[in-house]
Amino acid sequence: MDNNSLAELLYPDIKTLPADMEARYPERNLPEGAKVTRFAPSPTGFLHIGNLYGAFTDERLAHTSGGVFYLRIEDTDAKRTVPNGVEIIIQTLARLGLEFDEGAVSGGDSGDYGPYRQSERAPIYQTYAKQLVREGKAYPCFCTEEELAAIREKQEAAKLTTGYYGEFAVWRDAPLEKIKEKLAAGEKFVLRFRSEGSAANKYKFRDQIKGEIDVTENDIDHVILKSDGIPTYHFAHAVDDHLMRTTHVVRDESWLSTLPFHIQLFKALGFKLPKYCHTAQMLKLDNGNKRKISKRKDPEFALTYYLAQGYPVAAVREYLITILNSNFEEWRLANPDAPLDNFKFSTNKMSISGSIFDLDKLNDISKNVVSRMTAEEVFEGALAWAQENDEEFANILSAGKEKALRIFSIGRGGKKPRKDIAKWSEVKRFVSFFYPSLFAREDEIPPQFAREDVKAVLSAFAAGYDPADAQDVWFGKIKQIAADNGFCPDMKQYKASPEAFKGSVADVSMFIRVAVTGRVNSPDLYEVMNVLGGEEVLRRVSG
Ligand code: GLU
């Protein structure tokens, strides 16, 4: 068979050669060791925690090595593409702290290796496809759906591996005349890769995350270009990652099954194989058992969850690194204040079997992160979230920035900062008692305390309260009120003989706290009162 004529026959409009592409997309000029990574989603409009896990790995690999992190849109399947898909991806990831250096941007491209949307790269794929035909490494297949189904049935009945291979690859060695006939009749064809592999051959392959793995050679003649000339994932992956000069391919482990085919393709095309990093699935502990995190059962599967809840970007980043690299927590303990970028991210510290996703852990990390923020940062974060989600609270915050900063300063800045806020959506609840318009009583004074004692304590406090008192004077008065009403002013003494008292000074403080804040727990009460002001404090203790 004359492969050159076949190539011309199949792709007459393609005049470019692989050499033209190589010249158009030269090797990148980057420092030694710089990694080029890509996030390559389909623009379905839905991003999940697995996407973020992978994208974050890409981002860290590139940005801790002086490399490039780019966005490629895999939109070869029109059915899965939604109109705003690209925009949603860029916005969502940016809001979670991931910025691309190049790639698809809203409404176009940024960078020298585009187009970054696969739907715009058909001539590039076809250039390589035509070359494979010329070299006898690819051929057209005119099988109809029905014919393929019949082949499959036959294989299943004979308990054979299903697929287009060996004797079942009916167009593999078809004569040129037969192909010409079909083309003349206007029949559609797909282009298949001519595999020279055998399923009997096994070899070792080194994955950057999984380590050494056993691989079986591919013997299936997979489709590389569909009948509309648009590539399958496999072919687009090889061509794009080569031309865009990707050094590290980070992707879900579900792609491991087709890795042998990808290795073949790179070889057949004369491309250098990138390093592969196959990420393990994300697991969740459910009643002590590990299971796959799921779209149906777990709201935290969707990335929109984190935005709606208002997790600070810094917390999400810190959390992701924690689950991505097993040595991060130790590093963080040794370097509590170091910027996260100083941590040396590495693929061989990633989980092989599956990372455990744990919302409690995210909340703990987030509380830590927020506790280290300045009052101004908390204000900005809470306001930005409220502006999108809670107009009433946004108005309150922006109308009284000074007061809000005083509130957020309570318990902040010292050696042991207060760790209460994990996400911006919680802020309103934590601070509502500072605002008369939001104030609502949440807790009651426990019933074991006599109401007249509570009343007596509160009136004594109201009678002696002076907003100008220093903290020690203020607390001295509370102790005195305790002593005057049969509550022990000294905790040690109280613990030694609790039966001798109605309660302790802690209980007395609690009465006042519940009266003033409507809660049993609050930040430092003296500071709370300072922010509230004398008038409001008196109104609440007398109310
Ligand atoms: N478009 C593929 C996906 O969304 C990308 C896989 C890859 O990163 O190679 O699964």
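Scroll up to find the structure this text is about.
Residues numbered from 1 in each chain as written. Predicted model: local features only at pLDDT ≥ 70, side-chain atom pairs only at ≥ 80, totals over all residues. Heavy atoms only, no water.

## Quick notes on the pattern of salt bridges
- Enumeration over the complete set of coordinates arrives at 38 salt bridges.
- We note a salt bridge from K182 to E187, for which the minimum N-O separation is 3.2 Å.
- Across the pair K428 and D390 runs a salt bridge whose closest N-O atoms are separated by 2.9 Å. Of the two residues, K428 is situated in helix α17 (residues 427–431) and D390 in the loop between α14 (375–389) and α15 (391–399); the sequence distance between them amounts to 38 residues.
- Residue D390 is classed as buried on the basis of its relative accessible area of 15%.
- Residues participating in the shared-partner salt-bridge network are R38, R72, E74, R121, D240 and D241. (Salt bridge = Lys/Arg side-chain N within 4 Å of Asp/Glu carboxyl O. Helix = DSSP H or I, 4+ residues; strand = E, 2+ residues; numbered from the N terminus. Buried < 20%, exposed > 50% of the residue type's maximum accessible area, 1.4 Å probe, protein only.)

## Focus on unusual backbone geometry
- Cis peptide bonds are those with omega within 30 degrees of zero, and the linkage from G114 to P115 qualifies with -5°.
- By the element assignment, P115 lies in the loop between β4 (108–110) and α5 (122–134).
- Even without glycine at this site, R245 takes up a positive phi of about 60°.
- Along the chain, R245 falls in the loop between α8 (233–243) and β10 (248–252).

## Things to note about the sheet that holds strand β13 (residues 289–292)
- One open sheet holds the three strands; their spatial order is β13-β12-β14, and the pairing between them is mixed. A single partner strand is all that each edge strand has here, and the edge strands are β13 and β14 (355–357). Strand after strand, the sheet turns through a mean of 45° between neighbouring axes, direction not considered.
- With four bridges joining them, strand β12 (residues 282–286) and β13 adopt antiparallel strand pairing. Its bridge partner being in β13, D286 is matched across the sheet by N289.
- Against the sheet, helix α11 (residues 313–324) touches β12 and β14, its axis set at about 145° to β14. (Pairing = 2+ DSSP bridges. Axes fitted to C-alpha atoms, helices over the stretch in contact; angles between N-to-C directions. Contact = heavy atoms within 4.5 Å.)

## With respect to the pairing of strand β8 (residues 211–216)
- With six bridges joining them, strand β7 (residues 202–207) and β8 adopt antiparallel strand pairing. Bridged to R206 within β8 is E212.
- The hairpin turn running from β7 into β8, its antiparallel successor, is three residues long.

## Let's talk about the site of the ligand
- Lining the immediate environment of the ligand, one finds R38, A40, S42, E74, Y233, V250, R251 and W255.
- Within the backbone of A40, a nitrogen or oxygen atom sits 2.8 Å from a nitrogen atom of the ligand.
- Within the side chain of E74, an N or O atom sits 2.7 Å from a nitrogen atom of the ligand.
- For the ligand, whose unbound accessible area comes to 290 Å², protein coverage reaches 77%.
- Split into classes, the residues belonging to the shell around the ligand amount to four nonpolar, one polar and three charged. (Near = heavy atom within 4 Å. Polar contact = N/O pair within 3.5 Å; in protein donor to acceptor, adjacent residues only side chain to side chain. Areas by Shrake-Rupley, 256 points an atom, 1.4 Å probe, with all protein chains shown as cover. Nonpolar A, V, L, I, M, F, W, Y, C, P; charged D, E, K, R; others polar.)

## A short note on α11
- For α11, which comprises 12 residues, the first-to-last C-alpha distance of 16 Å matches the rise-based estimate of 16 Å (1.5 Å per residue) to within 8%.
- Along α11, 10 of the 12 residues are buried, which leaves the element largely enclosed by surrounding structure.
- Every buried residue belonging to α11 is among A315, V316, R317, E318, Y319, L320, I321, T322, I323 and L324, and all of these are buried.
- Among the structural elements, α3 (49–63), β12, α12 (328–334), β14 and α13 (359–371) are those in contact with the buried residues of α11. (Expected span 1.5 Å × (residues − 1).)

## Description of the packing of helix α18 (residues 451–464) against helix α19 (residues 471–484)
- It is the contact of α18 with α19, at a shortest axis distance of 10 Å, that shows an interaxial angle of 145°. Between α18 and α19 the crossing geometry is right-handed. Along its contact with α18, which presents V457, A460, F461 and G464, the element α19 presents W474, K477, I478 and I481.
- Of the residues that constitute the contact of α18 with α19, the class distribution is six nonpolar, one polar and one charged. (Left-handed = near helix turned anticlockwise from the far one by under 90°.)

## Focus on helix α21 (residues 505–517)
- Taking 1.5 Å of rise per residue, the 13 residues of α21 would be expected to cover 18 Å, and the 18 Å separating its terminal C-alpha atoms lies within 8% of that figure.
- Of all 13 residues that make up α21, 12 are buried, and the element is covered over most of its length.
- Along α21, the positions that sit buried rather than exposed are V505, D507, V508, S509, M510, F511, I512, R513, V514, A515, V516 and T517.
- Downstream of α21 by a residue or two, G518 has a phi angle that is positive, lying close to 80°.

## What to know about the sheet that holds strand β5 (residues 138–141)
- Across the sheet, three strands lie side by side as β5-β6-β9; this open sheet has antiparallel pairing. With one partner strand each, in any of the chains shown, β5 and β9 (223–225) form the two edges of the open sheet. Adjacent strand axes in the sheet meet at a mean angle of 45° when their direction is disregarded.
- The sheet contact formed by β5 and strand β6 (residues 190–193) spans four bridges and is antiparallel. The partner of C141 across the bridge, within β6, is V190.
- Against the sheet, helix α9 (residues 259–269) touches β6 and β9, its axis set at about 95° to β6.

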